[in-house]
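Inside the fold
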Amino acid sequence: MQTLENNLTNLVKRNSELENQMAKLIQICQQVEVNTAMHEAKLVEECDELVEIIRQRKQIIAVKIKESKVMKLRKLAQQMANCRQCLERSRALITQAEHSLKENDHARFLQTARNVAERVAMATASSQVLIPDVNLNEAFDNFALDFSREKKILEGLDYLTAPSPPSIRDELCTASHDTITVHWTSEDEFSVTSYELQYTIYTGQTNFISLYNSVDSWMIVPNIKQNHYTVHGLQSGTRYVFFVKAINQAGSRNSDPARLKTNSQPFKLDPKTAHKKLRLSNDCLTMEKDESSLKKSHTPERFSSTGSYGAAGSVFMDSGCHYWEVLLGASTWYAVGVAYKSAPKNEWSGKNSSSWVLSRCNNNFMVRHNGKEMLVEASHQLRRLGVLLDYDNNSLSFYDAMNSQHLHTFEVSFLLPVAPTFMIWNKSVMILSGLPVPDFVDCPEEHQEGMTTLCRQQESPYVSGMKGCH
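Below is a summary of the structure that appears in this document. Source: prediction; values computed, not measured.

1. So, the pattern of salt bridges
In the structure shown here, the tally under the stated rule is 11 salt bridges. In this structure, Lys-272 engages Asp-270 in a salt bridge whose closest nitrogen and oxygen atoms are separated by 3.3 Å. Its relative accessible area of 45% is what places Lys-272 among the partly exposed residues. Take Asp-270: its relative accessible area is 14%, and that puts it in the buried class. The salt bridge partner of Glu-373 is Arg-368, with a shortest N-O separation of 3.7 Å. In this structure, a network of salt bridges that share partners links the residues Arg-279, Glu-288 and Asp-290.

2. A look at the sheet that holds strand β12 (residues 310-312)
With respect to topology, six strands assemble into an open sheet ordered β12-β21-β14-β15-β16-β17, the strand pairing being antiparallel. Of all strands in the sheet, those with a lone pairing partner are β12 and β17 (372-375), marking the two edges. Strand-to-strand twist of the sheet, defined as the mean angle between neighbouring strand axes without regard to direction, takes the value 20°. In this sheet, strand β15 (residues 355-361) lies alongside strand β14 (residues 333-340) in antiparallel orientation, the contact comprising seven bridges. For Ala-335, the partnering residue across the bridge sits in β15 and is Ser-359.

3. Focus on the pairing of strand β7 (residues 239-248)
The buried fraction of β7 is high, at eight of 10 residues. Note: strand β4 (residues 194-201) against β7, eight bridges, orientation antiparallel. By the bridge assignment for β7, Tyr-199 is matched with Phe-242. Where β7 meets strand β9 (residues 258-261), four bridges bridge the pair, whose relative direction is antiparallel. Looking across to β9, one finds that Tyr-240 is bridged to Leu-260. Pairing of β7 with strand β8 (residues 251-254) involves four bridges; the strand directions are antiparallel. Each bridged residue has a counterpart across the sheet, and for Asn-248 the counterpart in β8 is Gly-251.

Basis of the calculations
- Residues numbered from 1 in each chain as written.
- Predicted model: local features only at pLDDT ≥ 70, side-chain atom pairs only at ≥ 80, totals over all residues.
- Heavy atoms only, no water.
- Salt bridge = Lys/Arg side-chain N within 4 Å of Asp/Glu carboxyl O.
- Buried < 20%, exposed > 50% of the residue type's maximum accessible area, 1.4 Å probe, protein only.
- Pairing = 2+ DSSP bridges.
- Helix = DSSP H or I, 4+ residues; strand = E, 2+ residues; numbered from the N terminus.
- Axes fitted to C-alpha atoms, helices over the stretch in contact; angles between N-to-C directions.

Below, the structure written as structure tokens:
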């Protein structure tokens, strides 16, 4: 009994759901009828409007043809009148000349022949003036009617549909440290009314549908008429996701997402910070140890202590992802990293809590922060040191750029803007800044797996033979 009642209840519930479904289907059918009637009426209205436009244009062009006909016939009639007048004068002169030639009286002939001969000679010499100008082409030009384009458009007359999704051309897109120029193509460019560009910072989220639905985080540039656009004011060294939407009256469709990134913030060496025994190149991209250089005046910004031969970059960075490289040449004694503005200028970088560096002291490589040091495995042939500052993700990484090898990563909760910092104790180094982040370091998941972290609580191991580097 209980089973039957339960089944009956379920069946009644099912019937109720089916009735609701049937009601919805009937409502949809009615809506289809209404929509069909509306579209049919709209079709008749639009076609009638096209026919009326064609009728009006036919009338206008026919009037132009008739006006041109009247003008051409009037001009031809004038030429005919001139021609008839010239012909009558010429005939009269011919008749008079023939009369003179028939004169038998020698005296009378001499009297009239001279005058007639002069008039005939004059008429012959001016024949080009007397003969009217006849231009046969004037009767046939100016009326080449070509409706092939219009016919093609009318033959393609159909329902307007939303345009096909545009395609972002990654290979044509360009970037600086604060701009990205996006290029795209569209198969239905003729039917596109405008484009809309949408972009946001890429958070590493691979589910683009969820990312796209996060409306608050997206910037929108509407009503773009061309197939490219330059976005300004972006963060340096930051990856962005871009969509392009093609729009017409029937609707819109989005392109596939494109991940594009700005270049790093460009900078040079700041001469105001350079130690007095360092010589900077004219372009402020190379620094060289120079014991004879003592001309610089002392300022609080300048590296000053004995052995603290350093210089800072010309910018402070407080957001984004920045990559630069240092060409080390033959130098075997240097330190490269970042520092707060408050970092002491009278001691080595990394000896305090305001700076983080990778250092080489002859045959030993180490990372240093807050007086703590740790050895790092690196090749003695290291000639190109890559530095990646990911400020927003709290990391500072070093790479052997020539061999695409990760050397070390500091995990740092940055509290203030940092500037690149450089120290050398022999030879020279050269700075390359404003670079795009290379693909071999632009992989967050692999990067996290391969990083070696300098723990804040870890005491550095004693390294024999390094006292000379302290």
